[in-house]
Amino acid sequence: MRVLGIDPGNEGGLVLLSERGEIASAWPMPRAHGRVNWRGVLALLQTAYDRNVQVAVERQMPFTRKDGAGAGGGAGMMMAGTIAMLENYGRLKLCIELAGDWPVTEIMPGSWRASYRPRKGALGASPVAVPGETPATRVEAANRANKKASVAIADAMWPLARLKMGTTWTEGTAEAALIAEYLRRQQRAASLQQEGRA
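Residues numbered from 1 in each chain as written. Predicted model: local features only at pLDDT ≥ 70, side-chain atom pairs only at ≥ 80, totals over all residues. Heavy atoms only, no water.

**Describing the overall build of the protein**
For the record, the criterion: Helix numbering and strand numbering both begin at the N terminus, where a helix is a DSSP run of H or I of at least 4 residues and a strand a DSSP run of E of at least 2. Buried means the residue's accessible area, taken with a 1.4 Å probe over protein chains only, is under 20% of the maximum for its type, while exposed means over 50%, and partly exposed covers the values in between. Two residues form a contact once any of their heavy atoms are found within 4.5 Å. For the area figures, the Shrake-Rupley method with a 1.4 Å probe applies, and any residue is considered shielded solely by the protein chains shown.
Check the secondary structure of the protein and you find 6 helices and 9 strands. Taking all 198 residues of the protein together, 36% fall into the buried category. Residue pairs at least 24 apart in sequence account for 63% of intrachain contacts in the protein once pairs closer than 6 positions are excluded. On the protein, roughly 11,500 Å² of surface is accessible, and the fraction owed to carbon and sulfur atoms is 55%.

**Looking at the packing of aromatic side chains**
As a reminder, the rule being used: Stacked, tilted and edge-to-face are the three classes applied to pairs of Phe, Tyr and Trp rings, where Trp contributes its six-membered ring and a pair requires centres within 6.5 Å; stacked means planes under 30 degrees apart, edge-to-face means over 60, and tilted covers the rest.
On inspection of all chains with the given rule, the structure shows 3 aromatic pairs. For the pair tyrosine 49 and tryptophan 102, a centre-to-centre distance of 5.3 Å together with 40 degrees between the ring planes defines the contact as tilted. Taken together, the residues tyrosine 49 in the loop between helix 1 (38-48) and strand 6 (53-58) and tryptophan 102 in the loop between helix 2 (82-99) and strand 9 (104-107) connect sequence positions 53 residues apart. Seen from their ring centres, tryptophan 158 and tryptophan 169 are 5.9 Å apart, and the 45 degrees between their planes marks the pair as tilted. In this pair, tryptophan 158 sits in the loop between helix 4 (135-157) and helix 5 (161-165) while tryptophan 169 sits in the loop between helix 5 and helix 6 (171-197), placing the two residues 11 residues apart along the sequence. Under the relative-accessibility criterion, tryptophan 158 is labelled buried at 8%. Judged by its relative accessible area of 7%, tryptophan 169 falls in the buried class.

**Overview of unusual backbone geometry**
Look at histidine 33: it is not a glycine, yet its phi comes out positive at around 55 degrees. With respect to the helices, strands and loops of the structure, histidine 33 is situated in the loop between strand 4 (31-32) and strand 5 (35-36).

**Thoughts on the sheet that holds strand 2 (residues 13-17)**
Here is the rule we go by: Strand pairing requires that DSSP identify at least two bridges connecting the strands. Simply put, an axis is a line fit to the C-alpha atoms, just over the touching stretch for a helix, and the angle between two N-to-C directions goes from 0 to 180 degrees.
The mixed open sheet is built from 5 strands, whose spatial order is 3-2-1-6-9. Edge positions in the sheet fall to strand 3 (23-28) and strand 9, since each has one partner strand and no second. Each strand of the sheet is rotated relative to its neighbour by a mean of 15 degrees, with strand direction disregarded. Bridge analysis of strand 1 (residues 2-7) against strand 6 gives 5 bridges, and the strand direction is parallel. Pairing of valine 3 across the sheet is with glutamine 54, part of strand 6. Of the strands in this sheet, strand 1, strand 6 and strand 9 are in contact with helix 2, which crosses strand 6 at around 175 degrees. Each of strand 1, strand 2, strand 3, strand 6 and strand 9 touches helix 6; the most contacted strand, strand 1, lies at about 140 degrees to it.

**As for the environment of isoleucine 107**
Looking at the secondary structure, you find isoleucine 107 in strand 9. Counting along the chain gives 47 residues from isoleucine 107 to glutamine 60, while the straight-line C-alpha distance between them is 9.0 Å. Ignoring any residue separated from it by four or fewer positions in sequence, one finds isoleucine 107 in contact with Ala56, Val57, Glu58, Arg59, Trp112, Ile179, Tyr182 and Leu183.

**Looking at the pattern of salt bridges**
Quick reminder of the rule: The rule for a salt bridge is simple: a side-chain nitrogen of Lys or Arg has to be within 4 Å of a carboxyl oxygen of Asp or Glu.
As enumerated under the stated definition, the model contains 9 salt bridges in all. The closest approach of N and O atoms between glutamate 22 and arginine 20, which form a salt bridge, is 2.7 Å. Taking relative accessible area as the criterion, arginine 20 reaches 64% and is therefore assigned exposed. Residues joined in a network through salt bridges with shared partners are Arg113, Lys147 and Glu175.

Written as structure tokens, this is what we have:
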């Protein structure tokens, strides 16, 4: 089964992998007027529709602040941008539903990232406090480092993909490819395990 990986962020992407794990197609997240163009996303999904495709989408989780800072000052308040992120995630899931009858697997970011980066603490913000650094700036620094690492990993795994895509990896297409490959490997391992039991 082929796998369509989706990084649902504003700068996300969609990548279709063949059954052998080769890049079949890759698209950056369609945008218009500085936002995700949901009609464009739906059109891409309809173009890629095939009953022999499994969708792997990075699950979006709300971020809250525990320190009481932020809007309203209450502990556990949602961080800025979280509501918009969750609204966009809902729109993406609706586009997937409208495009076709696909099985969808939601994958936690930590799960797929850990499968490519087994060394704990190898990426992200320094565990040592930096003067003037806040929890928000540490998270932002870790996210930037993770995205740069994703591009490097995708480039190493699929060195000829640039020729097929006609462009270089974006952070979104790189992460979408890694998400798709994560699910493809999980399915292959489960299939081999099933065969071993038979």
